[in-house]
Amino acid sequence: AGYLHLSVADGATNQTVNTASNLIRAGQWHHVAMVVDRAARVMRVVVDGQQAATRTVNALASGWPSTSALRIGGHGEYGSNYAPFAGAVDDVRFWN
């Protein structure tokens, strides 16, 4: 079993939200939506139609000013304890 981790950075701060550690089970498909609502200052993770994690965050920059890569299933935190996602990702979509 595993958990999902959503991280957003704006060049000055890194803000994160995690689901419960036993939420994701090996061998099962899940529908996952990760939401960053900058106007409401909220980050949410929704799994299979149910809110799995939420966090109020500090104000974030209104755009995507970063030249860093967008990572899905990986991370850029060198030397961290985060393992890369060991599974399949299908049908990725973005909305603004």
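Anyway, here's the lowdown on the structure attached to this text. Here the structure is a predicted model, which means the values were calculated and not measured.

1. With respect to the overall build of the chain
Okay, step 1: Scanning the chain for helices and strands turns up zero helices and five strands.
Okay, step 2: Helices and strands appear in the chain in the N-to-C order β-β-β-β-β.
Okay, step 3: Residues counted as buried form 16% of the 96 residues belonging to the chain.
Okay, step 4: A fraction of 39% describes how many contacts in the chain between residues 6 or more apart in sequence connect residues 24 or more apart.
Okay, step 5: Accessible area for the chain stands at about 7,200 Å²; split by element, carbon and sulfur atoms hold 50% of it.

2. What to know about the side chain of Q15
Okay, step 1: Among the structural elements, Q15 can be located in strand β2 (residues 14-18).
Okay, step 2: A relative accessible area of 2% means that Q15 is categorised as buried.
Okay, step 3: There is a polar contact of 2.7 Å between the side chain of Q15 and the backbone nitrogen of N58.

3. Observations concerning the sheet that holds strand β5 (residues 50-56)
Two modes of strand pairing occur in sheets, parallel and antiparallel, and in both the strands are linked by backbone hydrogen bonds.
Okay, step 1: The sheet built from three strands is open, its strands ordered β3-β4-β5 with antiparallel pairing. Two strands bound the open sheet, and with one partner strand each, they are β3 (32-37) and β5. Taking each pair of neighbouring strands and ignoring which way they run, the sheet shows an average axis angle of 10°.
Okay, step 2: In the sheet, β3 pairs with strand β4 (residues 42-47) via six bridges, with the strands oriented antiparallel. Bridge assignment links D37 to a residue of β4, and that residue is V42.

Calculation rules
Residues numbered from 1 in each chain as written. Predicted model: local features only at pLDDT ≥ 70, side-chain atom pairs only at ≥ 80, totals over all residues. Heavy atoms only, no water. Helix = DSSP H or I, 4+ residues; strand = E, 2+ residues; numbered from the N terminus. Buried < 20%, exposed > 50% of the residue type's maximum accessible area, 1.4 Å probe, protein only. Contact = heavy atoms within 4.5 Å. Areas by Shrake-Rupley, 256 points an atom, 1.4 Å probe, with all protein chains shown as cover. Polar contact = N/O pair within 3.5 Å; in protein donor to acceptor, adjacent residues only side chain to side chain. Pairing = 2+ DSSP bridges. Axes fitted to C-alpha atoms, helices over the stretch in contact; angles between N-to-C directions.

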